[in-house]
Amino acid sequence: MASRRPLRLLHTSDVHLGAYDTRTSDGVRRGELEDGFRRVIDLAIAERADVLLIAGDFFDNARVFEETLHFAADEIARFGCATVIGPGNHDHVGPGSVYDRVDLVERAPNLRILRTPDGERIAFPDLDLEVWGSSHTERRTNYQPFEGAPGRGEAAWQVGIGHGHFIGPNALLHHSFHIRADQLAATGLDYVALGHWERMTIVEAGEGVVAAYSGAPDALSGNREGHGGHVLVIDLCEDGSVRLEAVPVGEGPRILHADLPFLPAM
Ligand SMILES: [Mn+2]
(Lines give C-alpha, C1' and ligand atoms only; values in the text may rest on other atoms or scores of the structure.)
Protein backbone atom coordinates (compact mmCIF):
# COMPACT_ATOMS: atom_id res chain seq x y z
CA MET A 1 0.00 0.00 0.00
CA ALA A 2 1.27 3.50 -0.80
CA SER A 3 2.55 5.47 2.16
CA ARG A 4 -0.04 7.45 4.05
CA ARG A 5 0.02 10.86 5.64
CA PRO A 6 0.99 10.33 9.30
CA LEU A 7 -1.72 11.40 11.74
CA ARG A 8 -1.83 11.73 15.49
CA LEU A 9 -5.08 11.15 17.37
CA LEU A 10 -5.82 11.83 21.02
CA HIS A 11 -8.51 9.63 22.53
CA THR A 12 -10.48 10.28 25.71
CA SER A 13 -13.87 9.15 27.02
CA ASP A 14 -16.14 9.07 30.05
CA VAL A 15 -15.31 12.59 31.15
CA HIS A 16 -18.79 12.87 32.73
CA LEU A 17 -18.72 16.66 32.79
CA GLY A 18 -21.49 17.99 34.98
CA ALA A 19 -21.76 14.89 37.19
CA TYR A 20 -21.65 17.17 40.22
CA ASP A 21 -23.76 20.02 38.83
CA THR A 22 -26.06 20.36 41.81
CA ARG A 23 -26.94 23.52 43.69
CA THR A 24 -26.14 21.82 46.99
CA SER A 25 -22.62 20.65 46.09
CA ASP A 26 -19.61 22.60 47.33
CA GLY A 27 -18.20 22.53 43.81
CA VAL A 28 -14.96 20.71 44.61
CA ARG A 29 -15.57 17.59 42.53
CA ARG A 30 -17.22 19.72 39.86
CA GLY A 31 -14.02 21.75 39.60
CA GLU A 32 -11.88 18.60 39.52
CA LEU A 33 -13.82 17.16 36.59
CA GLU A 34 -13.42 20.43 34.70
CA ASP A 35 -9.71 20.53 35.54
CA GLY A 36 -9.41 17.00 34.15
CA PHE A 37 -10.90 17.98 30.81
CA ARG A 38 -8.89 21.21 30.70
CA ARG A 39 -5.81 19.02 31.15
CA VAL A 40 -6.96 16.71 28.32
CA ILE A 41 -7.09 19.76 26.04
CA ASP A 42 -3.68 20.91 27.30
CA LEU A 43 -2.31 17.46 26.39
CA ALA A 44 -3.97 17.47 22.95
CA ILE A 45 -2.21 20.77 22.25
CA ALA A 46 1.12 19.73 23.80
CA GLU A 47 1.17 16.39 21.97
CA ARG A 48 0.29 18.17 18.71
CA ALA A 49 -2.67 15.91 18.07
CA ASP A 50 -4.37 16.37 14.70
CA VAL A 51 -7.66 14.99 15.96
CA LEU A 52 -9.41 14.64 19.33
CA LEU A 53 -11.79 11.68 19.73
CA ILE A 54 -14.26 11.70 22.63
CA ALA A 55 -15.80 8.23 22.92
CA GLY A 56 -18.98 8.94 24.83
CA ASP A 57 -20.26 9.94 28.26
CA PHE A 58 -18.65 13.31 27.69
CA PHE A 59 -21.52 14.86 29.67
CA ASP A 60 -22.93 13.00 32.65
CA ASN A 61 -26.59 13.79 32.01
CA ALA A 62 -28.94 16.09 30.11
CA ARG A 63 -29.49 18.46 33.05
CA VAL A 64 -25.92 19.67 33.51
CA PHE A 65 -25.50 23.40 34.11
CA GLU A 66 -25.55 25.49 30.95
CA GLU A 67 -22.17 26.91 31.97
CA THR A 68 -20.80 23.35 31.82
CA LEU A 69 -21.91 23.10 28.19
CA HIS A 70 -20.28 26.44 27.45
CA PHE A 71 -17.10 25.38 29.26
CA ALA A 72 -16.91 22.16 27.20
CA ALA A 73 -17.39 23.94 23.88
CA ASP A 74 -14.89 26.66 24.75
CA GLU A 75 -12.23 24.10 25.69
CA ILE A 76 -12.78 22.21 22.42
CA ALA A 77 -12.51 25.53 20.58
CA ARG A 78 -9.24 26.18 22.44
CA PHE A 79 -7.84 22.93 20.98
CA GLY A 80 -8.95 24.23 17.58
CA CYS A 81 -8.30 21.06 15.54
CA ALA A 82 -10.78 18.43 14.39
CA THR A 83 -12.76 16.98 17.29
CA VAL A 84 -15.38 14.22 17.14
CA ILE A 85 -17.81 13.27 19.90
CA GLY A 86 -19.42 9.84 19.72
CA PRO A 87 -22.30 10.07 22.22
CA GLY A 88 -22.62 7.43 24.94
CA ASN A 89 -25.44 6.25 27.17
CA HIS A 90 -25.14 9.23 29.51
CA ASP A 91 -25.09 11.78 26.66
CA HIS A 92 -27.30 10.03 24.10
CA VAL A 93 -28.83 11.72 21.07
CA GLY A 94 -32.54 11.81 20.24
CA PRO A 95 -35.35 13.04 22.50
CA GLY A 96 -34.06 14.73 25.64
CA SER A 97 -30.48 14.90 24.37
CA VAL A 98 -28.00 17.13 26.14
CA TYR A 99 -26.73 18.03 22.66
CA ASP A 100 -30.05 19.74 21.82
CA ARG A 101 -29.71 22.34 24.58
CA VAL A 102 -26.84 24.51 23.35
CA ASP A 103 -25.36 24.70 19.85
CA LEU A 104 -21.89 23.48 20.80
CA VAL A 105 -20.74 23.55 17.18
CA GLU A 106 -21.55 27.23 16.90
CA ARG A 107 -19.18 27.86 19.84
CA ALA A 108 -16.62 25.32 18.62
CA PRO A 109 -16.67 25.16 14.80
CA ASN A 110 -13.95 22.47 14.90
CA LEU A 111 -16.39 20.08 16.62
CA ARG A 112 -18.43 17.35 14.94
CA ILE A 113 -20.95 15.21 16.81
CA LEU A 114 -22.01 11.75 15.59
CA ARG A 115 -25.79 12.09 15.77
CA THR A 116 -27.11 9.28 13.58
CA PRO A 117 -28.38 6.25 15.54
CA ASP A 118 -27.57 3.83 12.71
CA GLY A 119 -24.15 5.35 12.24
CA GLU A 120 -22.57 7.95 10.02
CA ARG A 121 -19.20 8.61 8.48
CA ILE A 122 -17.60 12.01 8.90
CA ALA A 123 -14.92 12.89 6.35
CA PHE A 124 -11.89 15.10 6.98
CA PRO A 125 -10.46 15.44 3.46
CA ASP A 126 -7.50 17.56 4.60
CA LEU A 127 -6.41 14.72 6.90
CA ASP A 128 -7.27 11.87 4.51
CA LEU A 129 -9.39 10.56 7.40
CA GLU A 130 -12.91 9.27 7.89
CA VAL A 131 -14.49 8.63 11.30
CA TRP A 132 -17.46 6.30 11.63
CA GLY A 133 -19.70 5.80 14.64
CA SER A 134 -23.29 5.18 15.69
CA SER A 135 -25.01 6.89 18.60
CA HIS A 136 -26.85 5.87 21.71
CA THR A 137 -30.49 7.03 21.73
CA GLU A 138 -31.98 5.47 24.89
CA ARG A 139 -34.67 4.17 22.54
CA ARG A 140 -33.25 0.82 21.52
CA THR A 141 -32.87 -2.24 23.62
CA ASN A 142 -29.99 -4.48 22.61
CA TYR A 143 -28.20 -1.60 20.95
CA GLN A 144 -24.82 -2.72 19.68
CA PRO A 145 -22.59 0.13 18.53
CA PHE A 146 -20.86 -1.85 15.76
CA GLU A 147 -23.73 -4.03 14.58
CA GLY A 148 -23.96 -3.54 10.84
CA ALA A 149 -20.95 -1.21 10.71
CA PRO A 150 -20.15 -0.60 7.04
CA GLY A 151 -16.43 -1.37 6.98
CA ARG A 152 -13.81 0.87 5.46
CA GLY A 153 -14.64 3.98 3.50
CA GLU A 154 -12.52 5.76 0.93
CA ALA A 155 -9.98 7.85 2.86
CA ALA A 156 -6.57 6.35 3.65
CA TRP A 157 -7.20 6.44 7.40
CA GLN A 158 -10.34 4.81 8.83
CA VAL A 159 -11.26 5.30 12.46
CA GLY A 160 -14.28 4.28 14.53
CA ILE A 161 -15.82 5.46 17.77
CA GLY A 162 -18.02 3.26 19.94
CA HIS A 163 -19.36 3.29 23.46
CA GLY A 164 -20.15 -0.01 25.16
CA HIS A 165 -18.85 -3.22 26.69
CA PHE A 166 -16.25 -5.18 24.78
CA ILE A 167 -17.03 -8.88 24.85
CA GLY A 168 -15.37 -11.92 23.41
CA PRO A 169 -17.21 -14.72 21.62
CA ASN A 170 -17.63 -16.76 24.81
CA ALA A 171 -18.65 -13.95 27.15
CA LEU A 172 -21.78 -14.13 29.22
CA LEU A 173 -24.25 -11.59 27.83
CA HIS A 174 -25.15 -9.81 31.02
CA HIS A 175 -24.19 -6.29 29.97
CA SER A 176 -25.84 -3.74 27.73
CA PHE A 177 -24.31 -2.17 24.64
CA HIS A 178 -22.24 -5.09 23.46
CA ILE A 179 -19.21 -4.44 21.31
CA ARG A 180 -18.25 -7.88 20.05
CA ALA A 181 -14.71 -8.69 19.02
CA ASP A 182 -15.90 -10.10 15.68
CA GLN A 183 -17.86 -6.91 14.99
CA LEU A 184 -14.71 -4.87 15.53
CA ALA A 185 -12.68 -7.19 13.32
CA ALA A 186 -15.31 -6.91 10.57
CA THR A 187 -14.97 -3.13 10.40
CA GLY A 188 -11.43 -3.37 9.07
CA LEU A 189 -10.76 0.03 10.64
CA ASP A 190 -7.28 1.23 11.51
CA TYR A 191 -8.25 2.33 15.02
CA VAL A 192 -11.41 2.14 17.10
CA ALA A 193 -11.77 4.54 20.06
CA LEU A 194 -13.89 2.89 22.75
CA GLY A 195 -15.63 4.34 25.77
CA HIS A 196 -17.83 3.22 28.71
CA TRP A 197 -15.06 1.74 30.82
CA GLU A 198 -13.13 3.84 33.31
CA ARG A 199 -10.03 1.70 32.93
CA MET A 200 -7.64 2.11 30.04
CA THR A 201 -7.04 -1.09 28.08
CA ILE A 202 -6.32 -2.39 24.60
CA VAL A 203 -8.84 -5.07 23.58
CA GLU A 204 -8.25 -7.95 21.20
CA ALA A 205 -10.26 -7.07 18.11
CA GLY A 206 -8.30 -9.26 15.70
CA GLU A 207 -7.70 -8.94 11.96
CA GLY A 208 -5.31 -6.02 12.37
CA VAL A 209 -7.94 -3.73 13.92
CA VAL A 210 -6.49 -1.85 16.89
CA ALA A 211 -9.17 -1.01 19.47
CA ALA A 212 -8.76 0.45 22.94
CA TYR A 213 -10.52 2.08 25.84
CA SER A 214 -8.81 5.31 26.90
CA GLY A 215 -10.43 5.15 30.32
CA ALA A 216 -11.71 8.23 32.10
CA PRO A 217 -9.44 11.20 32.79
CA ASP A 218 -11.00 11.34 36.27
CA ALA A 219 -12.81 8.19 37.38
CA LEU A 220 -16.14 8.88 39.07
CA SER A 221 -15.85 5.65 41.03
CA GLY A 222 -12.75 6.99 42.74
CA ASN A 223 -10.99 3.76 41.75
CA ARG A 224 -7.85 5.47 40.57
CA GLU A 225 -5.25 3.25 42.21
CA GLY A 226 -3.34 6.20 43.55
CA HIS A 227 -3.11 8.06 40.28
CA GLY A 228 -5.34 9.77 37.79
CA GLY A 229 -6.46 8.56 34.43
CA HIS A 230 -4.83 8.68 31.04
CA VAL A 231 -5.47 9.79 27.52
CA LEU A 232 -4.31 7.66 24.62
CA VAL A 233 -2.13 9.18 21.93
CA ILE A 234 -2.46 7.18 18.71
CA ASP A 235 0.07 7.55 15.93
CA LEU A 236 -1.19 6.45 12.54
CA CYS A 237 2.17 5.97 10.84
CA GLU A 238 3.26 6.38 7.25
CA ASP A 239 3.70 2.61 6.79
CA GLY A 240 0.12 1.98 7.94
CA SER A 241 1.05 0.80 11.42
CA VAL A 242 -0.75 2.07 14.52
CA ARG A 243 1.18 2.92 17.67
CA LEU A 244 -0.36 3.79 21.03
CA GLU A 245 1.01 5.55 24.08
CA ALA A 246 -0.83 6.39 27.29
CA VAL A 247 -0.16 9.84 28.72
CA PRO A 248 -1.18 10.54 32.32
CA VAL A 249 -3.74 13.29 32.84
CA GLY A 250 -2.16 14.03 36.22
CA GLU A 251 1.10 12.77 37.66
CA GLY A 252 2.73 9.52 36.60
CA PRO A 253 4.73 7.89 33.85
CA ARG A 254 3.80 7.57 30.20
CA ILE A 255 3.08 3.97 29.17
CA LEU A 256 4.36 2.61 25.86
CA HIS A 257 2.21 0.46 23.59
CA ALA A 258 3.88 -2.83 24.54
CA ASP A 259 3.25 -2.19 28.25
CA LEU A 260 -0.41 -1.19 28.01
CA PRO A 261 -3.00 -3.43 29.66
CA PHE A 262 -4.39 -5.90 27.11
CA LEU A 263 -7.69 -7.76 27.28
CA PRO A 264 -7.93 -10.90 25.15
CA ALA A 265 -11.24 -11.74 23.49
CA MET A 266 -12.23 -14.73 25.59
MN1 LIG B 1 -21.23 4.73 29.52
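Scroll up to find the structure.
Residues numbered from 1 in each chain as written. Predicted model: local features only at pLDDT ≥ 70, side-chain atom pairs only at ≥ 80, totals over all residues. Heavy atoms only, no water.

(A) How the structure looks around the pattern of salt bridges. Using the criterion set out here, one finds 19 salt bridges in the structure. Residue Arg152 is joined to Asp190 by a salt bridge in which the shortest nitrogen-to-oxygen separation is 3.2 Å. Remark: Asp190 occurs in the loop between α4 (181-187) and β10 (191-195) and Arg152 occurs in the loop between β6 (129-133) and β7 (157-163); sequence separation between them is 38 residues. Through salt bridges with shared partners, a single ionic network connects Arg8, Glu47, Asp235, Glu245 and Arg254. (Salt bridge = Lys/Arg side-chain N within 4 Å of Asp/Glu carboxyl O. Helix = DSSP H or I, 4+ residues; strand = E, 2+ residues; numbered from the N terminus.)

(B) Local environment of the packing of helix α1 (residues 28-46) against helix α2 (residues 66-79). At their nearest, the axes of α1 and α2 sit 9 Å apart, and the two run at 15° to each other. One element, α1, and the other, α2, form an angle in the roughly parallel class. As for how α1 packs across α2, the hand of that crossing is right-handed. Residues Arg30, Glu34, Phe37, Arg38, Ile41, Asp42, Ala44 and Ile45 of α1 lie in contact with α2, whose contacting residues are Glu67, Thr68, Phe71, Ala72, Glu75, Ile76, Arg78 and Phe79. Its residues assigned to classes, the contact of α1 with α2 shows eight nonpolar, one polar and seven charged. (Axes fitted to C-alpha atoms, helices over the stretch in contact; angles between N-to-C directions. Parallel < 35°, antiparallel > 145°, perpendicular 65-115°, else oblique. Left-handed = near helix turned anticlockwise from the far one by under 90°. Contact = heavy atoms within 4.5 Å. Nonpolar A, V, L, I, M, F, W, Y, C, P; charged D, E, K, R; others polar.)

(C) Examining the coordination of the manganese ion more closely. Taken together, Asp57 (OD), Asn89 (OD1), His163 (NE2) and His196 (ND1) make up the full set of protein donors to the manganese ion, lying 2.1 to 2.2 Å away. In the primary sequence, the donor residues of the manganese ion line up as D-x31-N-x73-H-x32-H. Taken as a pair, Asp57 in the loop between β2 (51-54) and α2 and His163 in strand β7 lie far apart in primary sequence, 106 residues in all. The exposure classification of Asp57 matches that of His163, with both residues buried. (Donors = N, O, S within 2.8 Å, 3.2 Å for Na, K, Ca; no water. Buried < 20%, exposed > 50% of the residue type's maximum accessible area, 1.4 Å probe, protein only.)

(D) Examining α2 more closely. Between its first and last C-alpha atoms α2 spans 20 Å; for 14 residues at 1.5 Å apiece the expected length is 20 Å, and the two agree. Those residues of α2 that fall on the buried side of the exposure criterion are Thr68, Leu69, Phe71, Ala72, Ala73, Glu75, Ile76 and Phe79. The first or second residue beyond α2 is Gly80, which carries a positive phi of 85°. (Expected span 1.5 Å × (residues − 1).)

(E) View of the sheet that holds strand β16 (residues 262-263). The strand order across the open sheet built from seven strands is β5-β6-β7-β10-β12-β11-β16, with neighbouring strands paired in mixed fashion. Unpaired on one side and paired on the other, β5 (120-124) and β16 mark the two borders of the sheet. Of the pairings in the sheet, the one linking strand β11 (residues 201-204) to strand β12 (residues 210-213) comprises four bridges and is antiparallel in character. Across the sheet, Glu204 pairs through a bridge with Val210, a residue of β12. (Pairing = 2+ DSSP bridges.)

(F) Here's a closer look at the sheet that holds β2. One open sheet holds the seven strands; their spatial order is β4-β3-β2-β1-β13-β14-β15, and the pairing between them is mixed. Edge positions in the sheet fall to β4 (111-113) and β15 (255-256), since each has one partner strand and no second. Of the strand pairs in this sheet, strand β1 (residues 7-12) and β2 are connected by four bridges, and their pairing is parallel. Bridging from a neighbouring strand, Thr12 pairs with Ile54 of β2. α1 rests against β1, β2, β13 (230-236) and β14 (242-248) of the sheet, and its axis sits at about 170° to β1.

That's the geometry; what it means functionally is another story.
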